[in-house]
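Examination of the molecular architecture
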Amino acid sequence: MFRSLTLILLASTAVSACTLAPKYERPVLPVAQTWSTPTPEPAASVTAADLDWRQVLVDPRLQGVVDLALKQNRDLRVAVLNIEKARAQYGVQRSALFPGVNGTISEQRSHTPAATSQTGQALEIEAYSATIGFTAYELDLFGRVRSLNAQALQSFFATQETSRSVRISLIAETANAWLTLAADQERLALARDTLTTREDTLRLTQQQVDGGVGSLATLRNAQVQAETARSDVAVYTAQVAQDLNALTLLAGADVPANLLPSRDLASAQILADLPAGVPSDVLARRPDVLAAEHQLRGANANIGAARAAFFPRISLTGSLGSSSGELDGLFKSGTKTWSFTPQISLPIFAGGANVANLNVSKANRDIAVATYEKTVQTAFREVSDALSVRATVADRLAAQERLVVAATDSQRLSQQRRDAGLDSALTLLDSQRTLYSAQQGLITARLARATNLVTLYKTLGGGAPAA
């Protein structure tokens, strides 16, 4: 009997290789074949998606902070634990492909009084049994269980891709937070230097007014510029503290002082050469796009399970064991017992539930298609936006650097003319204000260039090879 059951199970496994799920075909990417940028991107054999983050974020201090975040950040930790959870859930679903074999040893004692006994005498019954078998194992002839297993597997893959997306986002957010802290530190240092200069100017102007050689308008203008710089110092002091708090949250721990940025943002080393590649390759490798496609594959597999509900379901229950009235005689000759219970369940009338479930599965598949296409379009826009900024940020930075040089020279000339008595103090104050504004703009342009490179690396799926 046990051999017969084994043969039945092996045969059912061979028969159940088919499913009723529709053949999966990846939707055509609903985007252009080239990026929406002012100038076409050159072709390259290696793209940003092939580069590890350490090859892009070259600065050793920045690398240290990112490495700390990858080890300590709680959001990433949750994403990794979600992978373990999805793997376990897939294991639970996959177990339905195999019969669950259980061994049971039981004892039964009963007492029947004489008043209710058929023999008119009290009966004492004692029975022992030991069995091994399986209960309600479904022969997956129409692929219902396999379709559910495929859906669980795709859900697991989607969770993996989501975790990789969280990892890439964390790298980019940490790098941008580090760069923002560097920029605000540089702004704070500039504001403090400017405040010192303007306080000196204010003091000299006050002395001139007290001596009767200066104008009150010049004094008030000098006061306005000094207080403006003082206000900027207060603003950037608070901003630096907030930036440090944000960086600490991303890192998941206090950032050591030797990993914090220096005052000069221009010293931050980030790889500028990030080839984009062609959209079809990039978009097919981004983890968020891959996660959406796995969800689509899972929805497609669910259609197979819904279709299988229209067909009969065959389940098997069988056991083999021994039964005896005495414990020491449990495994003696003549005590063998067995049972085999096949069952066929044929859907006849379900009030339209099976049809409705199939329609729900198809609608979910269509929703997954739309979600996948929207994810692709969003990714295409993110990359195109980052590439458009990269195409112009170098010109912006160069123009701002020239502006600072010109403003510095103008301030120097105004100082010389003021010392020679050729220009008024108002002209000098105006040139100082122009230089201060140009220096702030240069810091902003450098930050925009650095964060654009980080954002471009993220949007191109940096460090995320195809699964």
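Reading guide: rules and limits
- Residues numbered from 1 in each chain as written.
- Predicted model: local features only at pLDDT ≥ 70, side-chain atom pairs only at ≥ 80, totals over all residues.
- Heavy atoms only, no water.
- Helix = DSSP H or I, 4+ residues; strand = E, 2+ residues; numbered from the N terminus.
- Rg over C-alpha atoms; globule rule 2.2 N^0.38 Å.
- Buried < 20%, exposed > 50% of the residue type's maximum accessible area, 1.4 Å probe, protein only.
- Contact = heavy atoms within 4.5 Å.
- Areas by Shrake-Rupley, 256 points an atom, 1.4 Å probe, with all protein chains shown as cover.
- Salt bridge = Lys/Arg side-chain N within 4 Å of Asp/Glu carboxyl O.
- Axes fitted to C-alpha atoms, helices over the stretch in contact; angles between N-to-C directions.
- Parallel < 35°, antiparallel > 145°, perpendicular 65-115°, else oblique.
- Left-handed = near helix turned anticlockwise from the far one by under 90°.
- Nonpolar A, V, L, I, M, F, W, Y, C, P; charged D, E, K, R; others polar.
- Pairing = 2+ DSSP bridges.
- Expected span 1.5 Å × (residues − 1).
- Bend = angle between axes of the 7 residues up to and from the residue.
- Patch = residues over 30% accessible without salt bridge, like charges linked within 9 Å, V, L, I, M, F, W, Y side chains within 5 Å.
- Phe/Tyr/Trp six-rings, centres within 6.5 Å; stacked < 30°, edge-to-face > 60°.
- pLDDT = per-residue confidence, 0-100.
- Polar contact = N/O pair within 3.5 Å; in protein donor to acceptor, adjacent residues only side chain to side chain.
- Core = buried A, V, L, I, M, F, W, Y, C linked by side-chain atoms within 4.5 Å.

1. A short note on the overall build of the protein
Within the protein one finds ten helices and four strands. From first element to last, N terminus to C terminus, the protein shows the α and β order α-α-α-α-β-β-α-α-α-α-β-β-α-α. On C-alpha atoms alone, the protein measures out to a radius of gyration of 37 Å, which is more than a quarter above the 23 Å that the 2.2 N^0.38 rule sets for 467 residues. In terms of overall dimensions, the protein has a C-alpha envelope of 135 × 55 × 40 Å along the principal axes. Within the protein, buried positions represent 39% of all 467 residues. A fraction of 85% describes how many contacts in the protein between residues 6 or more apart in sequence connect residues 24 or more apart. As displayed, the protein has an accessible area near 24,900 Å², and 56% of this comes from carbon and sulfur atoms.

2. A short note on the pattern of salt bridges
A side chain with one charge may pair with a side chain of the opposite charge, provided their charged atoms come close. Overall, the coordinates contain 22 salt bridges when judged by the stated rule. Between Asp59 and Arg61 there is a salt bridge, with its nearest N and O atoms 2.8 Å apart. Asp59 gets classed as buried once you look at its relative accessible area, which sits at 1%. Salt bridges sharing common partners tie together Arg54, Asp67 and Lys71.

3. A word on the packing of helix H5 (residues 144-210) against helix H8 (residues 287-308)
To characterise two packed helices, one gives the angle between the axes of the helices and the distance between these axes. Between H5 and H8, whose axes approach to 8 Å, the crossing angle comes to 165°. Judged by the inter-axis angle, H5 sits roughly antiparallel to H8. The element H5 and its partner H8 pack so that their crossing is left-handed. A breakdown of the residues in the contact of H5 with H8 according to their chemical character gives eleven nonpolar, ten polar and five charged.

4. Thoughts on the sheet that holds strand S3 (residues 313-324)
Strand order in the open sheet formed by four strands is S1-S2-S3-S4, with antiparallel pairing between adjacent strands. Lying at the two open borders of the sheet, with one neighbouring strand each, are strand S1 (101-112) and strand S4 (336-345). For this sheet, the mean inter-axis angle between neighbouring strands, taken without regard to orientation, is 25°. Pairing geometry for S1 and strand S2 (residues 123-139), over twelve bridges, is antiparallel. Directly across from Val101, in S2, lies its bridge partner Phe134.

5. A look at the packing of helix H3 (residues 60-72) against helix H6 (residues 216-251)
Running from N to C, H3 and H6 cross one another at 50°; their axes reach a closest spacing of 7 Å. Between H3 and H6, the angle is such that the two are oblique. Mapping the contact onto sequence places Val65, Leu68, Ala69 and Gln72 in H3 and Leu247, Leu250 and Ala251 in H6. Among the residues making up the contact of H3 with H6, the classes are represented as six nonpolar, one polar and no charged.

6. Some remarks on helix H9 (residues 353-419)
End to end, H9 covers 93 Å across 67 residues, agreeing with the expected 99 Å (1.5 Å per residue, within 8%). In H9, a bend of some 35° at Thr392 exceeds every other bend along the element. In the segment just after H9, Gly421 is the residue with positive phi, at about 80°.

7. Considering a nonpolar patch on the surface
A contiguous nonpolar patch, built from Phe310, Phe311 and Val355 and spanning about 240 Å² of accessible area, is present on the exposed surface. Assignment of secondary structure puts Val355 in helix H9.

8. What to know about unusual backbone geometry
Of note, the phi angle at Ala136 is positive, near 50°, even though the residue is not glycine. Following the sequence through the fold, Ala136 ends up in strand S2.

9. Some points on the packing of aromatic side chains
With the rule as written, the count across this model stands at three aromatic pairs. Between the aromatic rings of Trp35 and Phe380, the centroid separation amounts to 5.3 Å while the plane-to-plane angle is 25°, which identifies the pairing as stacked. Taken together, the residues span a long stretch of sequence, with Trp35 in the loop between helix H1 (2-15) and helix H2 (53-56) and Phe380 in helix H9 at a distance of 345 residues. Taken individually, Trp35 and Phe380 each receive the classification buried, so the pair is uniform in this respect. Ring centres of Phe156 and Phe157 lie 5.7 Å apart, and the angle between their planes is 35°; this geometry places the pair in the tilted category. Phe156 gets classed as buried once you look at its relative accessible area, which sits at 8%.

10. Some remarks on the confidence of the model for the protein
Mean pLDDT over the protein works out to 85, with 94% of the residues at or above the 70 mark. For the protein, H1 is the element with the lowest average pLDDT, namely 49, and H3 is the one with the highest, namely 93.

11. A closer look at the environment of Arg187
Along the chain, the position of Arg187 falls in helix H5. Residue contacts for Arg187: discarding those within four places in its chain leaves Tyr236, Ile443, Thr444 and Leu447. A polar atom in the side chain of Arg187 sits 3.1 Å from the side chain of Thr444.

12. Focus on the nonpolar core
Within the largest apolar cluster, 62 residues are counted, with the highest numbers of intra-cluster contacts made by Trp35, Leu57, Leu179 and Ile270. At the level of elements, H2, H3, H5, H6, helix H7 (279-283), H8, H9 and helix H10 (425-459) are the ones that each hand at least two residues to this core. The dominant element in this core, judged by the number of residues it contributes, is H5, at 14 residues. Apart from residues lying up to four places away in sequence, Trp35 is in contact with Glu41, Ala276, Gly277, Val278, Pro279, Val282, Leu283, Phe380, Val383, Ser384 and Leu387. Grouped together as the second largest cluster of nonpolar side chains are seven residues, Val404, Ala407, Leu435 and Leu442 included.

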